[in-house]
Structures are given as structure tokens and as C-alpha cells.
Amino acid sequence: MSEPSTTADGGAATRPAWAVVRCRDLIATSEFLQRVLDARVVAVFPADSPRSMWLDVCGTRIEARLDPHPPSGQVLAVDRADLQGVAESIGPDGLRIEARPLLAPLPPVTGVA
């Protein structure tokens with residue numbers, strides 16, 4: 001993963017959320033993410049011998065990275081609102097998609113003049 005971006009004046013630049021999934025088969029993993037999360041492929045690196053694929057899911061960037069020995073028990077937590085009724089799923093290399101309420105509703109603002 002790259003270092004955080006900065007603006008010309010040295011401030012932090014806004015970047016999309018980012019998750020890395022390690023896998024033995026980029027095609028199978030990307031097809032799984034496209035089917036379950038309606039992911040969109042953004043980029044493939046390098047094009048002639050892919051080792052990394054970037055996908056976008058509702059503004060969150062997911063990098064599927066080729067790894068001959070991916071860690072077991074990988075979990076990709078996705079906001080329930082983004083899944084639209086899709087049940088939790090298990091994909092290639094045991095990658096588990098979990099539906100969670102990631103953002104709690106904010107309480108109403110009171111006492112502001």
C-alpha cells in the first residue's frame with residue numbers, strides 16, 4: 001500500500017477507503033467480488049502479467065493482490081446498505097464477505113445557535 005497523499009501545501013489529501021485482499025487467482029477473486037458486491041474493475045497491474053487488480057465498490061477501493069500463500073481467514077467487511085440484501089458469502093481462498101453496519105447514525109444536533 002502506498003504512503004498517504006498530501007496536497008501541495010503539505011496537508012492530507014482525501015483518498016478513498018482502501019482494502020487489500022490476497023489471493024491465488026486474480027480472475028476468480030475479481031469475478032467473486034463483481035458478483036457479490038457489484039464491484040467494478042478499475043485497473044490491472046501489470047497488464048501483460050497481472051499481479052494486482054483494483055476494484056471499486058461504492059467508493060471503496062479493493063486491491064486483489066496475487067499471493068501464492070494468501071492468509072487464511074480473510075474478512076472483508078462491507079456496510080449492509082451496500083449489500084442490498086445479499087447474504088454473507090465465502091469466495092476463493094476462503095475470503096469471507098461480512099455485512100456489518102459500519103457507520104452508526106449520528107445523533108441529532110441540538111443547542112446550536
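The preceding data block contains the structure.
J.: When you look at the sheet that holds strand β7 (residues 96–100) in this model, what are you seeing that I'm missing?
T.: For sheets, the rule is that strands pair by backbone hydrogen bonds, running either parallel or antiparallel. Read across the open sheet, the three strands follow the order β5-β7-β6; overall the sheet is mixed. The strands lining the two open edges of the sheet, one partner per strand, are β5 (75–79) and β6 (89–90). Where β5 lies against β7, five bridges are found, and the strand directions are parallel. Its bridge partner being in β7, A77 is matched across the sheet by E98.

J.: Is there a simple way to think about unusual backbone geometry in this case?
T.: Trans is the prevailing form of peptide bonds, just as negative phi is the prevailing case for residues other than glycine. Of note in the backbone geometry, D38 takes a positive phi value of approximately 55 degrees without being a glycine. Located in the positive-phi region is D93, a residue other than glycine, with phi close to 60 degrees. Structurally, D93 is set in the loop between β6 and β7. A relative accessible area of 24% means that D93 is categorised as partly exposed.

Reading the values: the criteria
Residues numbered from 1 in each chain as written. Predicted model: local features only at pLDDT ≥ 70, side-chain atom pairs only at ≥ 80, totals over all residues. Heavy atoms only, no water. Pairing = 2+ DSSP bridges. Helix = DSSP H or I, 4+ residues; strand = E, 2+ residues; numbered from the N terminus. Buried < 20%, exposed > 50% of the residue type's maximum accessible area, 1.4 Å probe, protein only.

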